[in-house]
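Descriptive structure summary
Here's the letter readout for the chains.
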Amino acid sequence: MSHEGQPYQRVVLKLSGESFSPPGERGISMREVMQIAEQVRSAKATDCQMAMVIGGGNILRGAQFMAGNEGIHEATSHQMGMLATVINGLALQNALENLGCDTRLMSSIPMDAICEPYLRRRATRHLEKGRIVIIAAGTGRPYVTTDTAAALAALELDAEILLKATRVDGVYSEDPEKNPHATWFPHLSYNAVRERNLRVMDATAIAHCMEHLKPILVFNYLKAGNIERAVRGEKLGTLIDGQD
Ligand code: UDP
């Protein structure tokens, strides 16, 4: 269990909603979801215990309804965003089941008719039994994002690392999709991420990981096999930890 080629035994993988639709599009494309599911199945085959926290930005983010402008209370808009993550969770669970994976969809907002309520002990039992745990509805509370939910899940579930899947090869000095000359960082400290205001995860998520020294690996999920490489502890992406 290191970052030096030893496989991890338990990880939390954060998947943004953008991974559920083709680049630049919104909604859900089962083609994209199946591609993710295939990568997750291969990663799980390494015997790593995997919990996944799912975003909802492909459907709706609370921030898109600015308070007062749209007549929707900001808290309500965030609740709508959390429900979007449940829709994604159902799609991902179905895709993984199509591949023969044993999964449990757990929601931080109880929805007994379609999934289990998220309970730390129950989630831990599922992981121990080899089930892939999909955590939807974020923290269940408005005003934060699923990045924060993923950081908290990594802490609660004693994951060795938080794997943050993105469309680029890790963390850069600027958005590499806008500036192709942006500098890529193989390693960063939590402090460097905060001081340089680098766009990695939301600030609350970084703060939780920093306080509890939970490492974060930011890597490119669009390259087939990278989720498995990440759980195998192979060198890829940007590692963020307490070392300067
Ligand atoms: N959200 C929330 N509380 C949470 C997690 C998410 O209110 O604990 C809402 C928030 O409005 C957020 C939306 O759900 O914008 C979708 O999640 P997120 O933006 O993190 O999705 P992603 O960007 O990862 O696709």
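We now turn to the structure provided with this report. (Residues numbered from 1 in each chain as written. Predicted model: local features only at pLDDT ≥ 70, side-chain atom pairs only at ≥ 80, totals over all residues. Heavy atoms only, no water.)

**With respect to the pairing of strand β11 (residues 238-241)**
Convention followed: Any residue under 20% of the maximum accessible area for its type is buried, any over 50% is exposed, and the rest in between are partly exposed; the area is computed with a 1.4 Å probe on protein chains only. Runs of H or I in DSSP of at least four residues are treated as helices and runs of E of at least two as strands, each being numbered from the N terminus. Note on pairing: two strands pair once DSSP finds at least 2 bridges between them.
By the alternation rule, side chains of β11 split into T238 and I240 and L239 and D241, which are all buried. As judged from the 3 bridges shared by strand β9 (residues 187-189) and β11, these two strands associate in the parallel manner. Along β11, the bridge assignment pairs H187 with L239.

**Some thoughts on the packing of helix α4 (residues 146-156) against helix α6 (residues 203-211)**
As a reminder of what qualifies: Helix axes use the C-alpha atoms of the stretch in contact, all axes being lines fitted to C-alpha atoms, and the angles between their N-to-C directions lie in the range 0 to 180 degrees. Angular relationships are summarised with four words: roughly parallel below 35 degrees, roughly antiparallel beyond 145, roughly perpendicular across 65 to 115, and oblique for the angles in between. Two helices cross in a left-handed way if the nearer one is turned anticlockwise from the farther one by less than a right angle. They cross in a right-handed way if the turn is clockwise. Any pair of residues with heavy atoms lying within 4.5 Å of one another is described as a contacting pair. In this classification, Asp, Glu, Lys and Arg are treated as charged, Ala, Val, Leu, Ile, Met, Phe, Trp, Tyr, Cys and Pro as nonpolar, and every other residue, Gly included, as polar.
Two elements in contact, α4 and α6, have axes separated by 7 Å at closest approach and are oriented at 15°. The orientation of α4 relative to α6 falls into the category roughly parallel. Relative to α6, α4 is oriented so that their crossing is left-handed. In this structure, α4 uses D147, T148, A151, L152 and L155 to contact α6, whose residues at the interface are T204, A205, H208 and C209. Tallied by class, the residues present in the contact of α4 with α6 amount to 5 nonpolar, 3 polar and 1 charged.

**Notes on the side chain of N226**
By the secondary structure assignment, N226 is in helix α7 (residues 226-231). Beyond its immediate chain neighbours, meaning those up to four positions away, N226 contacts Q39, F219, N220 and L236.

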